[in-house]
Amino acid sequence: MKKLLGKNKILTAVFISGKGTNLKKLIQLSKTKKSPIKIGLIISSDSKAEGLKYSIKYKINKYVIKKNDKNSEIKILKKLEINKISFICLAGYMRILSKKFIKNFKGKIINIHPSLLPKYKGLNTHEKVIKNKEKYTGCTVHYVNDKLDSGKIILQKKIKVFKHDTADSIKKRVLEKEHQIYFKAILKIFNVI
Ligand code: GAR
């Protein structure tokens, strides 16, 4: 993708559902000079998502999807248009986007997933890693296509699984790695590294 630095940062929306620790890290790193992106909108599928506090802290527009709203994607698309968003980062967004929505933003939506894809798509990845006695796990940044957690891989980071590990201890270590690779993957996409 074209190199866009300085004033021409790519306006990006981050979609969340929970704590928003990846969102926080992306906001902080997007403020650095070398960042190709600027976070211009936060979309949350949950009005109680902890991560929404970063909308206030960093003065970033937000849009919260209403429960049971059948037209939520149309409304999201409108918000994206108003905020001139051209790139989307899913960061712990626990809803599945429709094929139509993904087509609209083809090649411009990326996601972070807490496993070494193609292993352990979907939910409860760390529990599955423990159950299957995996020696390694990790996280993956990938493009979003219309199949769950199946788009082209951009970057991965591996960690070792120890005998004493629990799903919670793995979650914690994987999350630390997520914070390291999400922004790196964005730099890679936009040819900054
Ligand atoms: C992260 O571990 C992310 O990989 C995962 O949710 C967590 C969100 O944490 N995403 C998925 O499981 C998506 N299928 P955060 O809200 O603190 O960034």
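Small disclaimer: the values here were computed from a predicted structure and weren't measured.

Engineer: Tell me about the overall build of the chain, and name the residues and values.
Structural biologist: When its secondary structure is counted, the chain shows six helices and seven strands. Listing the helices and strands of the chain from first to last along the sequence gives β-α-β-α-β-α-β-α-β-α-β-β-α. Relative to the compact-globule value of 16 Å for 193 residues, the chain shows a C-alpha radius of gyration of 16 Å, a close match. For the C-alpha atoms alone, the extent of the chain along its principal axes is close to 50 × 40 × 30 Å. Each of the 193 residues in the chain was classed as buried or not, and the buried ones make up 47%. Within the chain, residue pairs in contact and separated by at least 24 positions form 64% of the contacts whose partners lie at least 6 positions apart.

Engineer: Requested: an account of the sheet that holds strand 3 (residues 62-64), with residues and values cited.
Structural biologist: With respect to topology, seven strands assemble into an open sheet ordered 3-2-1-4-5-6-7, the strand pairing being mixed. Edge positions in the open sheet fall to strand 3 and strand 7 (153-160), since each of these has one partner strand only. Strand-to-strand twist across the sheet, computed as the mean angle between neighbouring axes with direction ignored, equals 20°. By the bridge criterion, three bridges tie strand 2 (residues 37-44) to strand 3 in an arrangement that is parallel. Within strand 3, the residue paired with Ser 44 across the bridge is Val 64. On the sheet, helix 1 (residues 21-30) packs against strand 1 (10-16), strand 2, strand 4 (87-90) and strand 5 (109-113) and is oriented at approximately 155° with respect to strand 2. Across the face of the sheet, helix 6 (residues 167-189) comes into contact with strand 2, strand 4, strand 5, strand 6 (136-143) and strand 7 while running at roughly 155° to strand 7.

Engineer: Give a description of the packing of aromatic side chains that names residues and reports values.
Structural biologist: Evaluation of the coordinates by the stated rule reveals five aromatic pairs. Judged by centre distance (6.0 Å) and plane angle (15°), the ring pair of Phe 101 and Phe 105 falls under stacked. With a relative accessible area of 1%, Phe 101 lands in the buried category. Grouping aromatic residues by their ring pairs yields a cluster made of Phe 15, Tyr 93, Phe 101 and Phe 105. Over the ring of Tyr 136 we find Lys 158, and its NZ or CZ is 4.4 Å from the ring centre. Over the face of the ring belonging to Tyr 136 we find Lys 160, whose NZ or CZ atom lies 5.5 Å from the ring centre.

Engineer: Run through the site of the ligand, naming residues and quoting values.
Structural biologist: The environment of the ligand is formed by Lys 19, Gly 20, Thr 21, Asn 22, Gly 92, Met 94, Ile 112, His 113, Pro 114, Leu 175 and Glu 178. Between the ligand and Lys 19 there is a distance of 3.5 Å, counted from an oxygen atom to a backbone nitrogen or oxygen. A distance of 2.7 Å separates an oxygen atom of the ligand from a polar atom in the backbone of Gly 20. Summarising the interface, the protein chains cover 86% of the accessible area of the ligand, which totals 450 Å² for the free molecule. For the shell around the ligand, the secondary structure elements donating two or more residues are helix 1, strand 5 and helix 6.

Engineer: Now, about the side chain of Asn 83: what can you tell me, with residues and values included?
Structural biologist: Its location among the elements puts Asn 83 in the loop between helix 3 (72-82) and strand 4. Looking at Asn 83, its side chain comes within polar contact range of the side chain of Asn 61, at 2.7 Å. When near neighbours in sequence (up to four residues on either side) are disregarded, Asn 83 contacts Leu 11, Gly 40, Leu 41 and Asn 61.

Cut-off values and rules
Residues numbered from 1 in each chain as written. Predicted model: local features only at pLDDT ≥ 70, side-chain atom pairs only at ≥ 80, totals over all residues. Heavy atoms only, no water. Helix = DSSP H or I, 4+ residues; strand = E, 2+ residues; numbered from the N terminus. Rg over C-alpha atoms; globule rule 2.2 N^0.38 Å. Buried < 20%, exposed > 50% of the residue type's maximum accessible area, 1.4 Å probe, protein only. Contact = heavy atoms within 4.5 Å. Pairing = 2+ DSSP bridges. Axes fitted to C-alpha atoms, helices over the stretch in contact; angles between N-to-C directions. Phe/Tyr/Trp six-rings, centres within 6.5 Å; stacked < 30°, edge-to-face > 60°. Lys NZ or Arg CZ within 6 Å of the ring centre and 35° of its normal. Near = heavy atom within 4 Å. Polar contact = N/O pair within 3.5 Å; in protein donor to acceptor, adjacent residues only side chain to side chain. Areas by Shrake-Rupley, 256 points an atom, 1.4 Å probe, with all protein chains shown as cover.

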